[in-house]
Every structure is written in C-alpha cells, then in structure tokens.
Amino acid sequence: MNQKERFGIALVGCGIVGGGTARLLTEDQNFLQERTGLPLVLKYIVERDYSNARALGIKEDLFEEDYNKVLADPEIKLVVELIGGLTIAKKMMTKALEAGKHVVTANKALLAHYGPELFALARKHNVCIGFEASCGGGIPIIKALTDGLLANRIEALFGIVNGTCNHILTEMTEKGQSYKNALKSAQAAGLAEADPTLDVTGMDSAHKITIMGSLAYSEKISLETVPVQGIDTVDLYDIKTGQELGYIMKLLAIAQKTDKGLALSVAPAFLHKNHPLARISGAFNAVSVYGHAVGHTMYMGRGAGSSPTASAVVADIIAIALGVTPQAFKTLTFWPDLTADAVQLPQGELESRFYLRFMVQDRQGTIARISTILSKHSISITSMLQQEGETDSIPLVMTTHLAKSGNVQEALKEIASLEEVENKPVSLRIVEEYPESVS
Ligand code: HSE
C-alpha cells in the first residue's frame, strides 16, 4: 500500500459497536480496498479498557491512550466516535473537528441534542460528520433520506427504530413474557444502551426521529418538542387484548406532514396485523418513508448490535474517503446547522383512532355514562369489549373512529373522575396504514 495514499482512521471507544467496527476495518481491509479502491487504515483505537478488544483478538499495537497524539497525526483524516453519552463524547468530537478531522458517529443522543452546533463547527473547519449508524443500526436510512429520496417532498415517516423495545414487545406479544424478562433478554443480546432507560422510555427513538425528521423535512426539530411515551408503562393485558382485536403493539416514531405543521411523536401504538410495520419483529427495525414522487418505500434490517451498526459506520467512512459526503455537506441545504425551526402541529390537533381501556365497577349505567362523555367530545366508538369478571372491577375496552387527540384527553379526564371508574384510563393510538399517493 502506498504510504502517501493511506486514509488514516482513529477509533474512539471499543465497546459493542467499536469492537465490530475495528473487526470490520481490520479483518476485511483487503476486501474493502478491492471493492472501493480506498486504502483505509485503522491506525489507532483510543480506549482505556482494552478487555473487549482483546477478547475480539484486535491487535494490541493499535491501542493509544493519548488522544492529542492521535489528533496531531497528519495521516489521521477521520475520527470515529463510538463512546456514546453526551459529555465526553461531545468534548472528543469537538476536538476532532477543531483539529480538521472528519467525524463518524453512532451517537444519536449527541446529534439530537447538539446537532446544529456540531455541524456548524464541522463546516467552520471544512470537514463533515457521518451519522448513518445513529438511526436504524445497519439500515441505510440516512443515505436514503440524503441521497436516494432527494427528488421527493416527504409526506410521512414512520419508524420502528429501537431494537430493544421491538424485542421486548415481540417477546410480550408472541410468548406472553413479562416486561422484566423480555428486557433482560434484550440486554443479553447486546441491543440495549448502557442505560436501558433511554430505550424503554422512548428517548432513544425520540433522538432518532429528531435526526431523521429534520433531514426529511429540511426543518430543525428540537428534541424537547417531541412528545415521548415509552414502553415501560405498557401492560401485557393491553397487548393481548389488542391482539384479540387484530392489532399488534409497536413503539412507533412518527414525523408526518399535515396542513398545520409537522406531527411528531414517539409512543406505543397499535397497528393492524396486516400493516407492513406490524410484521417487523425482534431486534429488527424498519422505517417507512412516503414521498410525493416515489410513494411508499420501506427500509428494514437489524437496528442494533455490533456488526450491523459497524456496517453503517464503515459505509460512512467510505463515503467520506470517496469525497461523496464532503461534497453533499457543502452543497445540500438541509443539514441541521442550515435549517429553520420546524413548524409543528399543535398538540391536541392530531387526528387518530384510539384504543381505550377503563377499569370500571360492573354497575348499571357505567357504559352509558362513559359513552355519553365520549360522544360529547365528538368521539365515535368502533368496537367495545367488556369481559365478565370474578371481581367487581372489570376492564372495558373501546376502539374509536378518527378523533382529535385533544378531545380524547379531555374526555378521559372527565371519565376518570366518574365514581365507578378506577385507575387512570389507558389510551393508545391505532395507527392506520398511510394512504400512499403517487403524483
Ligand atoms: N439501543 C438501541 C436499540 C441501539 O435498541 O435500538 C441502536 O441505536
């Protein structure tokens, strides 16, 4: 290999994704060079704890603790940040950009919080940021949004973008597993974040919809404006009852264009069992994107894990080394540092179908009182299910036609105050297949 042509790479962090990236870059170095013509060389791994890398058989001479020495090496063109978290990762990324190195990252939290600032810094130093691995693991969804779908005005984007949650919901749905056991198996499979709270509270999906939505609509979405509900409060009873009614529960991240602005949300929702996203199970992720010219496109694959995410990291390295990303970074106008704040649909204006569950005392007139309140708030019922119970407290499940979410919240507040209604009512969206329209 010609020393002058080497494209030096430094990897910061050698955990699950870092380990997979190190293996892909070293074990497949010749294959990558043959396929791309690029002499990609992993020169340093910056890490204090080498145990994972050692276990993977990665050469000891790659390890380096002195980050300043790495950044001072002119052969290093690109730094891969895979330590995760916000504070140290931000410092290390900032230093890399200031040193004139391109950065590739899988850190969706960092980009969702500080994307505009980091992109502006990269632009100032004439380098770019690759972030394919930040959304959907190995699925090339960022490439689709920033390349393959460029001719489209995006109308809607629906994603199952958290492998941990999808694994948990699948285990609960298909095997009737408890939430706790399903979470343990997701962690054992290496899907969950270091702190799984980010996964199960929906925050990880919120990070991803912030990133994908901003690109899709050329508008800056602020993370704190995305309404987020996780799967940590989901009840197995609702999963099972939804299933009896023909629905599958998924954690959906949604960014949908409406006449009054962008409707954003992350929440567990029911999909009809024939909905294309209902079949995405286990660790798999999928993103459905609807464009005015192309219609419905769907991207599916492993959304987490060592080697699938490393596949996205290495694709970014290649696109930067080829000059494709630097060119796109200079020319295209939708990067987070260049766009204006998103106009959002006021909360409460969103129209959806709903699944409602009330725990009620089995008394004469209960259903009549509940349905009167629903009707007063313009909510029409499509189905109702009440099961005989051995105790006085029984579940009453209803599904609705399209209703405004604000009306539903108002109605639920009123219903919750009825004497015969126990506990807080449960409401979950029923998301129907988006009507594809190709112009
Ligand atoms: N914890 C994430 C997930 C990893 O479960 O999908 C990929 O971002």
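Predicted model, so just to flag it, every value in this text is computed and none were measured.

### Some words on the pairing of strand β10 (residues 284-291)
Counting buried positions over the eight residues of β10 gives seven, a clear majority of the element. Strand direction decides the pairing type here: strand β7 (residues 154-160) and β10, joined by six bridges, are antiparallel. Its bridge partner lying in β10, Ala156 is registered against Tyr290.

### Regarding the packing of aromatic side chains
Considering all chains together, one arrives at 12 aromatic pairs under this definition. Consider the rings of Tyr50 and Phe63, whose centres lie 3.9 Å apart with planes at 20°: the pair is stacked. Of the two residues, Tyr50 sits in the loop between β2 (40-46) and α3 (51-55) while Phe63 sits in strand β3 (residues 63-64), which places them 13 residues apart along the sequence. Pair check on accessibility: Tyr50 and Phe63 agree, each one buried. Ring centres of Phe334 and Trp335 lie 5.2 Å apart, and the angle between their planes is 55°; on these two criteria the pair is classed as tilted. A relative accessible area of 7% means that Phe334 is categorised as buried. One aromatic cluster in this structure is built from Phe119, Phe131, Phe329, Phe334 and Trp335. Lying over the aromatic face of Tyr114, Lys90 brings its terminal NZ or CZ to 4.2 Å of the ring centre. The ring of Phe329 has Arg123 lying over it, and the distance from NZ or CZ to the ring centre is 4.4 Å.

### Quick look at the nonpolar core
Buried together is how nonpolar side chains tend to be arranged in soluble globular proteins. Counting residues in hydrophobic clusters, the biggest one holds 111 residues, and the most contacted among them are Ile141, Met212 and Ile317. Membership of the second largest hydrophobic core comes to 18 residues, among which are Leu356, Ile373, Ile379 and Leu418.

### Some details on the packing of helix α8 (residues 163-175) against helix α12 (residues 236-244)
At their nearest, the axes of α8 and α12 sit 9 Å apart, and the two run at 65° to each other. By crossing handedness, the relation of α8 to α12 is classed as right-handed. Across the interface between the two elements, Leu169, Met172 and Thr173 of α8 pack against Leu236, Ile239, Lys240 and Gln243 of α12.

### Details of the site of the ligand
In the vicinity of the ligand, 13 residues are found, and the nearest of them are Lys108, Gly163, Thr164, Glu193 and Lys208. Lys108 places a polar side-chain atom, nitrogen or oxygen, 2.6 Å from an oxygen atom of the ligand. A distance of 2.7 Å is found between an oxygen atom of the ligand and a side-chain nitrogen or oxygen belonging to Lys208. Protein chains bury 94% of the 260 Å² of accessible surface belonging to the ligand in isolation. Elements with a minimum of two residues in the shell around the ligand: α8 and α11 (203-217). Tallied by class, residues from the shell around the ligand come to four nonpolar, four polar and five charged.

### So, the pattern of salt bridges
Summed over all chains, the structure comprises 22 salt bridges. With a closest N to O distance of 2.6 Å, Lys43 and Glu75 form a salt bridge. Note that Lys43 is positioned in strand β2 and Glu75 in the loop between α4 (67-72) and β4 (76-81), a separation of 32 residues in sequence. Taking the relative accessible area as the measure of exposure, Lys43 reaches 23% and is therefore partly exposed. Among the residues examined, Glu75 registers a relative accessible area of 14% and is labelled buried. Between Lys175 and Glu171 there is a salt bridge, and its shortest N-O distance comes to 3.0 Å. Of this pair, Lys175 and Glu171 both sit in helix α8, four residues apart, which is roughly one turn of that helix. The class of Lys175 is exposed, set by a relative accessible area of 57%. Under the relative-accessibility criterion, Glu171 is labelled buried at 11%. A single network of salt bridges, built from pairs that share partners, joins Arg6, Lys43, Asp73 and Glu75.

### A word on helix α9 (residues 179-188)
Within α9, the full set of buried residues consists of Tyr179, Ala182, Leu183 and Ala186. Within α9, the buried residues cover an arc of 100° as seen down the axis, which keeps them to one side. Of the exposed residues in α9, those oriented more than 90 degrees away from the buried face are Lys180, Lys184 and Ala188. Structurally, α9 contributes buried residues whose contacts are with α8 and α10 (197-200). Looking one or two places after α9, you find Gly190, whose phi comes out positive at around 75°.

Rules and cut-offs
- Residues numbered from 1 in each chain as written.
- Predicted model: local features only at pLDDT ≥ 70, side-chain atom pairs only at ≥ 80, totals over all residues.
- Heavy atoms only, no water.
- Buried < 20%, exposed > 50% of the residue type's maximum accessible area, 1.4 Å probe, protein only.
- Helix = DSSP H or I, 4+ residues; strand = E, 2+ residues; numbered from the N terminus.
- Pairing = 2+ DSSP bridges.
- Phe/Tyr/Trp six-rings, centres within 6.5 Å; stacked < 30°, edge-to-face > 60°.
- Lys NZ or Arg CZ within 6 Å of the ring centre and 35° of its normal.
- Core = buried A, V, L, I, M, F, W, Y, C linked by side-chain atoms within 4.5 Å.
- Axes fitted to C-alpha atoms, helices over the stretch in contact; angles between N-to-C directions.
- Left-handed = near helix turned anticlockwise from the far one by under 90°.
- Contact = heavy atoms within 4.5 Å.
- Near = heavy atom within 4 Å.
- Polar contact = N/O pair within 3.5 Å; in protein donor to acceptor, adjacent residues only side chain to side chain.
- Areas by Shrake-Rupley, 256 points an atom, 1.4 Å probe, with all protein chains shown as cover.
- Nonpolar A, V, L, I, M, F, W, Y, C, P; charged D, E, K, R; others polar.
- Salt bridge = Lys/Arg side-chain N within 4 Å of Asp/Glu carboxyl O.
- Arc of directions from axis to C-beta.

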